[in-house]
Each structure stands twice: as C-alpha cells, then as structure tokens.
Amino acid sequence: KMADIASLTVGFLGAGNFTRALVTGWLSAGILPASQVWSSAPTDRSVVAVKKLGVNTTTNNKECVEISNVVVLAVKPHILPMALEDIRSVITTDHLVVSVVSGVTLSTLEEVLHLLCS
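Residues numbered from 1 in each chain as written. Predicted model: local features only at pLDDT ≥ 70, side-chain atom pairs only at ≥ 80, totals over all residues. Heavy atoms only, no water.

## Points about the confidence of the model for the protein
- In this model, the protein carries an average pLDDT of 90, and 94% of its residues clear a pLDDT of 70 or more.
- Across the protein, the secondary-structure element scoring lowest on mean pLDDT is helix α5 (residues 106–117), at 77, and the one scoring highest is strand β1 (residues 10–13), at 98. (pLDDT = per-residue confidence, 0-100. Helix = DSSP H or I, 4+ residues; strand = E, 2+ residues; numbered from the N terminus.)

## Some remarks on helix α4 (residues 80–87)
- Of the residues making up α4, those classed as buried are L80, A83, L84 and I87. Looking straight down α4, one finds its buried side chains confined to an arc of 100°; they lie on one side. Opposite the packed face of α4, turned more than 90 degrees from it, sit the exposed residues P81 and M82. (Buried < 20%, exposed > 50% of the residue type's maximum accessible area, 1.4 Å probe, protein only. Arc of directions from axis to C-beta.)

## Re the sheet that holds strand β3 (residues 56–58)
- Taking strand neighbours across the sheet as the criterion, the 5 strands line up as β3-β2-β1-β4-β5 in an open arrangement whose pairing is parallel. A single partner strand is all that each edge strand has here, and the edge strands are β3 and β5 (96–99). Neighbour-to-neighbour, the strand axes of this sheet turn through a mean angle of 20°, independent of strand direction.
- Contacts from helix α1 (residues 17–29) reach β1 and β2 (37–40), with the element oriented near 160° to β1. (Pairing = 2+ DSSP bridges. Axes fitted to C-alpha atoms, helices over the stretch in contact; angles between N-to-C directions. Contact = heavy atoms within 4.5 Å.)

## Description of the environment of S40
- Relative to the helices and strands, S40 is located in strand β2.
- Taking the C-alpha atoms as reference points, S40 and A74, separated by 34 residues in sequence, lie 9.8 Å from one another.
- Excluding its chain neighbours within four sequence positions, the residues that come into contact with S40 are F12, L13, G14, A15, V47, T58, N60, N61 and C64.
- A polar contact is formed between the side chain of S40 and the side chain of N61, at a distance of 2.5 Å. (Polar contact = N/O pair within 3.5 Å; in protein donor to acceptor, adjacent residues only side chain to side chain.)

## Remarks on the environment of E66
- Here E66 shows up in helix α3 (residues 61–67).
- Exposure remark for E66: the relative accessible area of 55% places this residue in the exposed category.
- Separated by 23 residues in sequence, E66 and S89 have C-alpha atoms that sit 9.8 Å apart.

Below you can see the structure in the form of structure tokens.
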C-alpha cells in the first residue's frame, strides 16, 4: 500500500529541466510541499536552479534515496549507470522508482533494479 501524500518524500536523481518542470508543476498545484522534495546532482552549481524552488538539495545520490520513498530517475541516459551504481547499497524494494530517462526501456530498468535490490 502506497503511503499517503503527507508521508511521501520524492527524491530526484538529477536537477535539470525535467526535474525543474515537474517540481514547479507539483508545487504550483499544491501536490507536495517543497519540504517533501529532494534533488541530487554532482555539484552545488548543478542544483542552484532547483534549490531556488525551495526544495532540499544534495550532491549525494545515496542521501537523496535514503531520505525518499519515491525515487525519480531524471538523469541523462549516459549518466544512468553511474547514478544506479551510486544508489546500489541504499535502494530497496520499498522504494517506488519512476524513470524519465530517455531511451531506457522498462525491462532494462526492471532487470537492473532487481539486481540492485536482490
């Protein structure tokens, strides 16, 4: 059973255009408060724009996943293998994983995530 909205924390791996668009829409619509949204990117400079929206930011993918119960993969396709390796030790079957990574099939993600969570 999925937790109610008040107990959800959404963590975005990536802080680019897609993350900013989703976060802006969710905050504007009142779907989630900024305090329940996290975004991670490799450098402080990378998270500046999303931080201006009032959400929590980190440069540590593991931290983002540990804090979140919904994980949105929003990195560029060539970054995905490195991002998945970063979270290998903290991703669990309790996480809901959403991907907006272009060109990566659901079967590939399922296979990789299954291996990570085994």
